[in-house]
Amino acid sequence: MYKFDTKVQHLKYKVLREVARLAWADRLLEKVTDIPKLIVPGKTPTMRCCVYKERAILAERVKLAMGGDKSNPNVIEVIDTACDECPMGGHEVTNSCRGCLAHRCVDACRFGAISFDSNHVAHIDKSKCKECGACAKVCPYTAIVNRKRPCENACKIHAITMSEDKSAAIDNNKCISCGACVYQCPFGAITDKSYILDAIDLIKKSEGNTKYKVFAVVAPSISSQFAYARLGQVIKGLKELGFYTVVEAALGADMVADAESKELVEKGFLTSSCCPAFVSYVEKEFPDLVKFVSHNLSPMATIAKYLKQVEKGSKIVFIGPCTAKKGEVQKENIKQYVDVAMTFEELQALFDSKDIDITELDEDVLDNASYFGRIFARSGGLSDAVAEGLKEHGDTDFELKACACDGIEECRLALLKKSKGVLDANFIEGMACIGGCIGGAGCLTHGTKDKAEVDKYGREAYEKTISDAISVLK
């Protein structure tokens, strides 16, 4: 059995697997209430205070595995009943405080929030504290700590706050659905909705119908996933699930790199449009810069659009590491091309729901994209691909000055500099996740070797240029 990064991931997988297993057998509505008891049998709790609370939370996880709250447009949701164990006191004085004579914390606090008791131990008056952190910075014993929730620490755009019932609350006006909070929550209280049932429904409708083709479009970061098997076996496993064939989203990346390099020369300045979380961030926090976002669709949507044009009536299921893709496919200009977006976590659940052991399968191949399309999966890859596009177009007079942003904090800094007119670059590559797509919340693994695996996979197509890859589409 595959070993997940965390027990939270494993629990999420088990729910998805059981939901999928019942869906294949057309018994979901009949047996859905049995899933919590199946995962937590007996009367001994394994995670919570009592087995009944465990099952109640599992019931909520089942709902999310079946699509979640339809009235909430965000693909990220909070399970309120699971969110009850995190400290939320903000800055607090720990027992490391020595009651020193210097009292630097008092001098640093501009709001008079710090006082000392008879034992000279510092205390923070929460009615006065503004959570600025000035006291913590000057304490020589690091005795003042900030008790922020893991989800708040993970969310670099400050979209998570505390609701009245003390559970996490997501501000949809700020949230970009990157899923950083999903991966970091140690209780799995924040998670992404699954549309795995929609994918199963498409595959079942295609059974025995030669005119109804369901394509699996896989993200290039797939090369860094499923480390327990060979990539060719994963591709074969997708066909065993019932997909007509498997196409690389990296081929769409080649198409984007070709078009985006031309657009950059025409406009003089551009930001990428590949990462939906980055594009959403620009739209919400830097609306004046939206005009600079590339007009090209993402690689996923670009290749899906092509497939829909050449295979009339086909259905497209995207499989990748990204939770934000689930939101992207709901956009008006995208949903006509991509029918369902899934994560690698969900793909593993699909394999096991049909008892497909991919390690026992023969190998199939992917031979669509170039090296440059495949390295879109990691930070800096898109910039390298645009540089190659300029080279292949003969645009030697145009000097590319790329700013490859690794994570949303670097994106924010680059966008802020551009808004102030001080950015020394003419192309911003925006990746919301650290490391790029290989750091996505829907990854099976979040290891340090992922970048090397992506580059290794890319080199298998090194003899191909971008022009070579997209020539077969013309």
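The structure we're discussing is the one just above.
Model, not experiment: these values are computed from the prediction.

## Comments concerning the overall build of the chain
Then step 1. Counting its regular elements, the chain contains 20 helices and 15 strands.
Then step 2. Computed over its C-alpha atoms, the radius of gyration of the chain comes to 24 Å, within 12% of the 23 Å expected for a compact globule of 474 residues.
Then step 3. Relative to its full complement of 474 residues, the chain shows a buried share of 54%.
Then step 4. Restricting to contacts in the chain with at least 6 residues of sequence separation, those with at least 24 account for 75%.
Then step 5. For the chain, the exposed area adds up to about 22,000 Å²; of that, 50% sits on carbon and sulfur atoms.

## Quick notes on the environment of tyrosine 52
Then step 1. Mapped onto the secondary structure, tyrosine 52 falls in helix α4 (residues 51-65).
Then step 2. Considered as a pair, tyrosine 52 and glycine 313 are 261 residues apart in the sequence and their alpha carbons are 46 Å apart.

## Looking at helix α18 (residues 408-420)
Then step 1. When the terminal C-alpha atoms of α18 are compared, their 18 Å separation across 13 residues agrees well with the 18 Å that a helix rising 1.5 Å per residue should span.
Then step 2. Turning to α18, its buried residues number three or more, namely Ile408, Cys411, Ala414 and Leu415. In a view along the axis of α18, the buried residues occupy a sector of 120°, so they form one face of it. Set apart from the buried face of α18 by more than 90 degrees, the exposed residues are Glu409 and Lys420.

## Side note on the sheet that holds strand β12 (residues 315-320)
Then step 1. Taken in spatial order, the four strands of this open sheet run β10-β9-β12-β13, and their pairing is parallel. Strands at the two margins of the open sheet, each flanked by one partner only, are β10 (245-248) and β13 (340-343). Averaged over all neighbouring strand pairs, the angle between strand axes comes to 30°, with direction disregarded.
Then step 2. Looking at chain direction, strand β9 (residues 214-218) and β10 are connected through four bridges and run parallel. Within β10, the position partnered with valine 217 by the bridge is valine 247.
Then step 3. Contacts from helix α15 (residues 344-353) reach β12 and β13 within the one sheet, and its direction differs from that of β13 by about 85°.

Definitions and cut-offs
- Residues numbered from 1 in each chain as written.
- Predicted model: local features only at pLDDT ≥ 70, side-chain atom pairs only at ≥ 80, totals over all residues.
- Heavy atoms only, no water.
- Helix = DSSP H or I, 4+ residues; strand = E, 2+ residues; numbered from the N terminus.
- Rg over C-alpha atoms; globule rule 2.2 N^0.38 Å.
- Buried < 20%, exposed > 50% of the residue type's maximum accessible area, 1.4 Å probe, protein only.
- Contact = heavy atoms within 4.5 Å.
- Areas by Shrake-Rupley, 256 points an atom, 1.4 Å probe, with all protein chains shown as cover.
- Expected span 1.5 Å × (residues − 1).
- Arc of directions from axis to C-beta.
- Pairing = 2+ DSSP bridges.
- Axes fitted to C-alpha atoms, helices over the stretch in contact; angles between N-to-C directions.

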